[in-house]
Number of protein chains: 2
Amino acid sequence: MASTYLYRAVELARRGPLADPNPQVGCVLVRDDRVIGEGWHEGAGTPHAEVAALQAAGGARGATAYVSLEPCHHTGRTGPCTQALIDAGVAEVRYAQPDPNPDAAGGASALRTAGVRVEHEHIDTDLNRYWTYAVSHARPFVTWKFAATLDGRSAAADGSSQWITGPAARADVQARRASAGAIVAGTGTVLADDPRLTLRGHAGNPLRVIVGKRSIPATARVHADDNVLQIATHDPSVVLAALHDRQIWHAWLEGGPTVAAAFLRAGLVDEIVAYLAPALLGAGRSAVADLGIGSMAGIQRYELRDVARVGEDVRITLSGKDV
Amino acid sequence: MASTYLYRAVELARRGPLADPNPQVGCVLVRDDRVIGEGWHEGAGTPHAEVAALQAAGGARGATAYVSLEPCHHTGRTGPCTQALIDAGVAEVRYAQPDPNPDAAGGASALRTAGVRVEHEHIDTDLNRYWTYAVSHARPFVTWKFAATLDGRSAAADGSSQWITGPAARADVQARRASAGAIVAGTGTVLADDPRLTLRGHAGNPLRVIVGKRSIPATARVHADDNVLQIATHDPSVVLAALHDRQIWHAWLEGGPTVAAAFLRAGLVDEIVAYLAPALLGAGRSAVADLGIGSMAGIQRYELRDVARVGEDVRITLSGKDV
């Protein structure tokens, strides 16, 4: 059982922005079993959590720092946190997650070398799930979302699709988009449905990424603001490399069926979130295009993570077997 | 709040067979707040619940009879229960469900005419759900079951389909078949998949009904026993009329897509039970064939009744809006 202060550090971390180049980090400074300072990282360009907590505490000589992530040992826009903790005279550091980032790791050993006691206490948390995945795999975590009828149709025979799912499911999609760094759709979907791909009722918009070579008119609703990027490729790994370069850790893929199939065939979908309406169409656009699967031997299997009722619809969450 | 004895009568009723021409009925005879006899109906050709309870009690003069269903006033294979209760000198009858069967109804008023006190106390129960539906609608209640991938494919491109869902889902289907009077499949499915359509690990087999005009070889596994009926029609209402004549109250429709589509187009599906595997095929046989729906305006909507995880799969139950 990890210390209560470490759980507090994880809670503080969540105050930071979800879709940011930097991970969410929280820090609690404790001396004589009393909290003398707290801090969290408010996003790229602002102080790291450890520095924020040291500033809040005023002085921290002999204190223990509880940090949700192994302190960085890396000079980026700010100096390394290891040095800040050493300079402040912190006696001990306890952290929840080892730093998976090869550029920033080495904090624990640097602290030890400087005579600071260091302990790793594992906490089972989804904090920085996407950042950790992206840093470890050198590409963003990919969620493919689709909405369909119970028989797997995402549009009727004439292409109409508004609305297969109800308002609660659509609001759920909006809320989940907010945690992604990018919303990805193919030119086909953008041309056919003219979606905004923005967040209604949420502050800030993720980058909207259009995949494919067809031209999108400047009047398309996806051009609601400048935060739009078209990547003229059919290769999902090219798309993910471009997003990784932009420090986007979570790509939210909204289709259509052709782009989804390209990612699925490439084995580049880590999570599937399906909103299924209690309805049938019997014909029309399939949720996913041909995957090149000829027989049951080739079936793509995932792990069932969650099943929930969302309004009048069902949300099913699957994850890749290695996620 | 209905009396405890009436709940006991409902419980006793469930001891009878589920898929029987007669409804499940239970009866408790009470005198001076003491149970003097209990009975339930064990199926067509055996005594009705009231008669069984009277036999168990020996005498019932002045007693109150708690019956799950309004006593019948109809001479079938047995005499009317109303007369048996009157002859035994029962002073009062309290029943949970009015008899929806025009042939058997009128029990309450016949008892009152003979000087017996009669009360209807409603109990919210699914007891005799299918029998009540069939008697009221003059056709069996129809459940359509299908198994598919998350993208709505019930077979791969080459027709292979074993196994899309896992063992827990398949066992669940077996258990649910047992409550149906008939399992219905099209000639296409019988020829393509050669299914047994029997209950493994359950006593007794529902009637297996093959719908369509193509010949089924005598060596097909569906001919495992004689309890098989082929109805050479493509008209679902002809199928249901034939089942109704055979006193089958619940038809369990297992496909394939063409037969399912015929029932769905005719508005003759009351319940949909879908088993969805956490898997994708991207091509192959759709769960349901063309429903003649061209645009979203024609979408068939149902009510979401239940969502459950069954082993590694998801079971979604929908019902018709008027069920």
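In case you missed it, the structure is sitting above this.
Since the model is a prediction, treat every value here as computed from it, not as a measurement. (Residues numbered from 1 in each chain as written. Chains lettered and ligands numbered in written order. Predicted model: local features only at pLDDT ≥ 70, side-chain atom pairs only at ≥ 80, totals over all residues. Heavy atoms only, no water.)

Points about the overall build of chain A
The number of helices and strands found in chain A is 9 helices and 15 strands. Projected onto its principal axes, the C-alpha positions of chain A cover 70 × 40 × 40 Å. Counting every position in chain A, which comprises 323 residues, the buried fraction comes to 56%. Of all intrachain contacts in chain A linking residues separated by at least 6 positions in sequence, the fraction that spans at least 24 positions is 69%. Per element, the accessible surface of chain A, about 13,400 Å² overall, is 48% carbon and sulfur. Here chain A carries 31 positive and 34 negative side-chain charges, and the mean point of each set is 4 Å from the other. (Helix = DSSP H or I, 4+ residues; strand = E, 2+ residues; numbered from the N terminus. Buried < 20%, exposed > 50% of the residue type's maximum accessible area, 1.4 Å probe, protein only. Contact = heavy atoms within 4.5 Å. Areas by Shrake-Rupley, 256 points an atom, 1.4 Å probe, with all protein chains shown as cover. Lys, Arg positive; Asp, Glu negative; His and termini not counted. Charge placed at Lys NZ, Arg CZ, Asp CG, Glu CD.)

Looking at the sheet that holds strand β6 (residues 141–149) of chain B
All names here are of chain B. Strand order across the open sheet formed by 8 strands is β9-β8-β7-β10-β6-β11-β15-β14, with mixed pairing between neighbours. In this open sheet, the two edge strands, each paired with only one partner strand, are β9 (228–231) and β14 (303–310). The sheet shows a mean angle of 20 degrees between the axes of neighbouring strands, taken without regard to direction. Note that strand β7 (residues 182–186) and strand β10 (residues 250–253) share 3 bridges and pair parallel. Counted as the bridge partner of valine 184 is leucine 253 from β10. Against the sheet, helix α8 (residues 236–245) contacts β6, β7, β8 (207–211), β9 and β10, and its axis sits at roughly 155 degrees relative to β8. (Pairing = 2+ DSSP bridges. Axes fitted to C-alpha atoms, helices over the stretch in contact; angles between N-to-C directions.)

Let's talk about helix α6 (residues 167–177) of chain B
Taken together, the buried positions of α6 of chain B are occupied by Ala169, Asp172, Val173, Gln174 and Arg177 of chain B. Its buried side turned inward, α6 of chain B meets β6, β7, β10, β11 (271–277), β14 and β15 (313–319) of chain B.

Quick look at the side chain of glutamate 271 of chain A
Residues and elements named next belong to chain A. Relative to the helices and strands, glutamate 271 resides in strand β11 (residues 271–277). A polar atom in the side chain of glutamate 271 sits 3.4 Å from the side chain of arginine 129. A polar atom in the side chain of glutamate 271 sits 2.7 Å from the side chain of threonine 143. Discounting residues that sit within four places of it in the chain, glutamate 271 has contacts with Arg129, Tyr130, Phe141, Val142, Thr143, Trp144, Thr317, Leu318 and Ser319. (Polar contact = N/O pair within 3.5 Å; in protein donor to acceptor, adjacent residues only side chain to side chain.)

A short note on the relation of the copies chain B and chain A
Of the transformation superimposing chain B on chain A, the axial component is 0.1 Å and the angular component is 180 degrees, with the fit at an RMSD of 0.1 Å. Seen this way, the second copy is the image of the first under a two-fold rotation axis. Using C-alpha coordinates, one finds that chain B approaches the rotation axis most closely at glycine 152 of chain B, a distance of 2.2 Å. In this assembly the copies share their binding face: 100% of the residues contributing to the interface of chain B also contribute to that of chain A. (Least-squares fit on C-alpha atoms with pLDDT ≥ 70 in both.)

A closer look at unusual backbone geometry
Residue and element names in this part refer to chain A. For the bond from glutamine 162 to tryptophan 163, the omega torsion is -10 degrees, close enough to zero to count as cis. Structurally, tryptophan 163 is set in the loop between β6 (141–149) and α6 (167–177). Located in the positive-phi region is aspartate 32, a residue other than glycine, with phi close to 50 degrees. Assignment of secondary structure puts aspartate 32 in the loop between β1 (26–31) and β2 (34–40). With a relative accessible area of 75%, aspartate 32 lands in the exposed category.

What to know about the packing of aromatic side chains
Within a pair of aromatic rings, the relevant descriptors are the distance that separates the centres and the angle that separates the planes. Residue and element names in this part refer to chain B. Applying the stated criterion to the full structure yields 8 aromatic pairs over all chains. Geometrically, the ring pair formed by tyrosine 130 and phenylalanine 141 is tilted, given 5.0 Å between the ring centres and 55 degrees between the ring planes. Taken together, the residues tyrosine 130 in helix α5 (residues 129–137) and phenylalanine 141 in strand β6 connect sequence positions 11 residues apart. Residue class for phenylalanine 141 comes out buried when judged on its relative accessible area of 1%. (Phe/Tyr/Trp six-rings, centres within 6.5 Å; stacked < 30°, edge-to-face > 60°.)

Some words on the interface of chain B and chain A
Facing the 50 residues of chain B at the interface are 50 residues of chain A. For the pair chain B and chain A, the summed buried surface comes to about 3,700 Å²; carbon and sulfur atoms form 66% of the total. For the chain B face of the interface with chain A, the top three residues by lost area are Leu150, Leu280 and Met296 of chain B, together amounting to 20%. At the boundary of chain B and chain A, one finds 0 salt bridges. Summed over the shared surface of chain B and chain A, the result is 20 residue pairs in polar contact (both at pLDDT 80 or more). Contributing elements (two or more residues each) for the side of chain B that touches chain A: β6, β11, β12 (279–280), β13 (300–301), β14 and β15 of chain B. The biggest single contributor to the side of chain B that touches chain A is β14 of chain B, with 6 residues. (Buried area = accessible area lost by both parts, 1.4 Å probe. Salt bridge = Lys/Arg side-chain N within 4 Å of Asp/Glu carboxyl O.)

Looking at the environment of serine 136 of chain B
Residue and element names in this part refer to chain B. Note that serine 136 resides in helix α5. With a relative accessible area of 45%, serine 136 lands in the partly exposed category. Sequence separation between serine 136 and alanine 182 is 46 residues; the distance between their C-alpha atoms is 19 Å.

Considering the sheet that holds strand β3 (residues 64–69) of chain A
All names here are of chain A. Pairing in this open sheet of 5 strands is mixed, and the strands run β2-β1-β3-β4-β5 from one edge to the other. On the outer flanks of this sheet lie β2 and β5 (117–120), each paired with one strand and no other. Across the sheet, the mean angle separating the axes of adjacent strands is 15 degrees when strand polarity is ignored. In this structure, strand β4 (residues 92–97) lies alongside β5, joined through 4 bridges in parallel fashion.

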